[in-house]
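Understanding the architecture of this molecule
Here is what each chain is made of, one letter per residue.
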Amino acid sequence: MTIVRTGLKNDIKMTKNIDHYIKRLDMDRLPAHVAIIMDGNGRWARQRMRERTEGHSEGVHSVNRITRLASDLGVKYLTLYAFSTENWHRPTEEVDALMRLIGWTIRKETPELKANNVHIRLLGDIDRLPEEVRADLQHGVDETAGCTGLTLGLCLSYSARWELTMTVRKLAEAVLNGEIAAAAISEKDIEDRLVTSGIPDPDLLIRTGGEQRISNFLLWQAAYSELYFSPVLWPDFDEECFVSALEEYQKRERRFGKTGDQVKTEQQASGEI
Ligand code: FPP
C-alpha cells in the first residue's frame, strides 16, 4: 500500500511507503490513543534567527504530517496540546498570531481531514477564544461530525487543573441537585464530566522539545500513560520520530499496578502471546 500525499503548497510531502512504517510496528499492539505536548516551536525559530511565531507556523506542518500518519496507521485518537490556559500570559502579539494560525489551519485542513474520515473534537475553555477562531473551529467540528476514523482532539485554552476545577463544580452541582450522593461519587462520575468524556485514556503521551514534564496536561487521564520524551523540537518532529515513539511504546510492559507474572498470565489466557 503506497500512500502519496501532495498536501497544499508549503506542505511537507509524505511520499514514503506506509509499509516502511508498518514493517517496524506490531500493528496489533498500536496505542489506541496518543497524546502529544508539542514543544519547541519558539526555540526552533530562535535557532534560525526567526520570530517565535514562525516556529508555530512551521509546527503546523508537523501537526499535518503526524495527524495523517496516525490516521493512516489506524490510531483511533490523537490529542494535541495546542494552547494551554497558561499560554494566555504570553506576549499579546504571540497569542494573537497563534489564534489566527489555529483558526486558519483548521479552516484550510478541514476538507482533507474530512476526506480522511478524521473527526475533530475541541477540548478546553473554547469560549475564551476569539469569535472568528471559534467560528473556524466550529466549522471544522460540524464538517467532520459524521467522520468515524481518527478522533483529533485539539486542546485549546486547556489545562488539567482548569478541567478538574470545572469537573468539581459540575459534581458539586449534581450533589446539590440531589442527582448523586457525595459518598457515592465514583471515578466514572468524574470521567463523565471531564472534557475528554468518551475518549479512552492516552496509552502513550509524547512530549517533544527535550523538557521532561507534564505541564498541566491530562493529569487525570495520563495516570497510566506511557511517557515518551523526545529531544526533537516540534517543527522537526517527523514520521520517523513518531514511529520511533510507537516502537518504544511497544517495548514497554504495561502492568497497571499488577505484577509482571500476572500480566503474562492474562496475556496468555487472552491469546495475546
Ligand atoms: C509550544 O512551543 C507550542 C505552542 C504553545 C503552540 C503549539 C501550536 C501549534 C503547533 C499550532 C497548532 C495548530 C493546530 C491547528 C493544532 P513553545 O512556543 O513553548 O516552544 P519553546 O519551548 O521552544 O519556546
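Up top is the structure these notes are about.
Residues numbered from 1 in each chain as written. Predicted model: local features only at pLDDT ≥ 70, side-chain atom pairs only at ≥ 80, totals over all residues. Heavy atoms only, no water.

Quick notes on the overall build of the protein
Which entries qualify depends on this criterion: Counting from the N terminus, the helices are DSSP H or I runs at least four residues long and the strands are E runs at least two residues long. The rule is simple: take the accessible area with a 1.4 Å probe, protein chains only, and divide by the maximum for that residue type; under 20% is buried, over 50% is exposed, in between is partly exposed. In these tables, accessible area is a Shrake-Rupley quantity obtained with a 1.4 Å probe, and a residue counts as shielded only by the protein chains included in the view.
Within the protein, the secondary structure is distributed over 9 helices and 6 strands. The C-alpha extent of the protein, read off along each of the three principal axes, is 55 × 50 × 35 Å. Sorting the 273 residues of the protein into buried and exposed places 47% on the buried side. Of the roughly 13900 Å² of accessible surface on the protein, 50% is carried by carbon and sulfur atoms.

As for the side chain of Arg-254
Keep this limit in mind: Two N or O atoms count as a polar contact when they lie within 3.5 Å, although within protein this holds only if one can serve as hydrogen donor and the other as acceptor, and sequence-adjacent residues are included solely when both atoms are side-chain atoms.
With respect to the helices and strands, Arg-254 occurs in the loop between helix H8 (239-251) and helix H9 (260-269). There is a polar contact of 2.8 Å between the side chain of Arg-254 and the backbone oxygen of Tyr-224. Within the local environment of Arg-254, its side chain forms a polar contact with the side chain of Tyr-249, the two groups lying 3.3 Å apart.

Structural notes on the sheet that holds strand E3 (residues 119-123)
Operational definition: Only strands that DSSP links by at least two bridges are regarded as paired with each other. To obtain each axis, a line is fitted to C-alpha atoms, and for helices this fit is confined to the stretch in contact; angles are then taken between N-to-C directions over 0 to 180 degrees.
Strand order in the open sheet made by the 6 strands is E3-E4-E2-E1-E5-E6, with parallel pairing throughout. What marks the edges here is a single partner per strand, and that holds for E3 and strand E6 (226-229). Across the sheet, the mean angle from the axis of one strand to that of its neighbour is 20°, orientation sign disregarded. Relative to strand E4 (residues 151-158), E3 is paired through 5 bridges, and the arrangement is parallel. Residue pairing across strands places Leu-123 opposite Cys-155, the latter belonging to E4.

A short note on the packing of helix H3 (residues 52-73) against helix H4 (residues 92-115)
The description of two packed helices rests on the angle between their axes and on the distance between the axes. What counts here: Reported orientations rely on four angle classes, namely roughly parallel under 35 degrees, roughly antiparallel over 145, roughly perpendicular from 65 to 115, and oblique for the rest. By the definition used in this description, the sense in which the near helix is turned from the far one sets the handedness, with an anticlockwise turn below a right angle giving left-handed and a clockwise turn giving right-handed. Whether two residues are in contact is decided by their heavy atoms, any of which lying within 4.5 Å being enough. Basically, the charged four are Asp, Glu, Lys and Arg, the nonpolar ten are Ala, Val, Leu, Ile, Met, Phe, Trp, Tyr, Cys and Pro, and anything else, Gly included, counts as polar.
Their axes nearest at 10 Å, the elements H3 and H4 cross at an angle of 25°. In terms of orientation, H3 lies roughly parallel with respect to H4. Note on packing geometry: the crossing formed by H3 with H4 is right-handed. Counting all contacts with H3, which are made through Arg-52, Thr-53, His-56, Ser-57, Val-60, Asn-64, Thr-67 and Arg-68, the residues of H4 involved are Glu-94, Ala-97, Leu-98, Leu-101, Thr-105, Glu-109, Glu-112 and Leu-113. Split into classes, the residues belonging to the contact of H3 with H4 amount to 5 nonpolar, 6 polar and 5 charged.

Observations regarding the pairing of strand E2 (residues 77-84)
Here is the key point about a regular strand: its side chains alternate between the two faces of the sheet. With respect to burial, E2 is a largely interior element, 6 of its 8 residues being buried. Pairing geometry for E2 and E4, over 7 bridges, is parallel. By the bridge assignment for E4, Tyr-81 is matched with Cys-155.

Comments concerning the pairing of E4
To keep things clear, this is the line we draw: Looking down the strands as they point away from you, a crossover is right-handed if its path from the first strand over the helix to the second goes clockwise.
The element E4 is largely enclosed, with a buried count of 8 among its 8 residues. With helix H5 (residues 131-143) bridging E3 and the parallel E4, this β-α-β connection has left-handed handedness.

Considering unusual backbone geometry
Although it is not a glycine, Ser-157 adopts a positive phi angle of roughly 50°. With respect to the secondary-structure elements, Ser-157 resides in strand E4. A relative accessible area of 0% places Ser-157 in the buried class. Phi at Phe-256 is positive, roughly 45°, even though this residue is not glycine.

Description of the site of the ligand
Heads up, the rule is: Proximity criterion: a residue is near a molecule or strand once any of its heavy atoms comes within 4 Å of it.
Neighbouring the ligand are 17 residues, the closest being Asp-39, Gly-42, Arg-43, Arg-52 and Arg-90. Here an oxygen atom of the ligand and a backbone polar atom of Gly-40 are 3.3 Å apart. The contact in question runs from an oxygen atom of the ligand to an N or O atom on the side chain of Arg-90, over 2.7 Å. Expressed as a share of its isolated accessible area of 630 Å², the protein-covered part of the ligand is 92%. Class assignment of the residues belonging to the shell around the ligand gives a composition of 7 nonpolar, 6 polar and 4 charged.

Quick word on the nonpolar core
Inclusion rule: Nine residue types can take part in a nonpolar core, namely buried Ala, Val, Leu, Ile, Met, Phe, Trp, Tyr and Cys, and a core is a set of them joined through side-chain atoms within 4.5 Å.
By size, the foremost hydrophobic cluster in this structure holds 46 residues, and its most contacted members are Ile-36 and Phe-242. Setting aside residues no more than four positions away along its own chain, Ile-36 makes contact with Ile-66, Leu-78, Thr-79, Leu-80, Tyr-81, Ile-206, Phe-217, Trp-234 and Phe-242. Judged by nonpolar contacts, the second largest core, of 13 residues, contains Ala-35, Tyr-81, Phe-217 and Ala-222.

Section: the packing of aromatic side chains
As a reminder of what qualifies: To pair, rings of Phe, Tyr and Trp, with the six-membered ring standing in for Trp, must have centres within 6.5 Å; the planes then decide the type, stacked if under 30 degrees apart, edge-to-face if over 60, and tilted in the middle.
Under the counting rule described, the total for this entry stands at 6 aromatic pairs. Note on Phe-83 and Trp-88: the rings are 4.8 Å apart at their centroids and 75° apart in plane angle, and the pair reads as edge-to-face. Ring geometry for Trp-234 and Phe-237: centres 5.5 Å apart, planes at 20°, overall stacked. Of the two residues, Trp-234 and Phe-237, both sit in the buried class.

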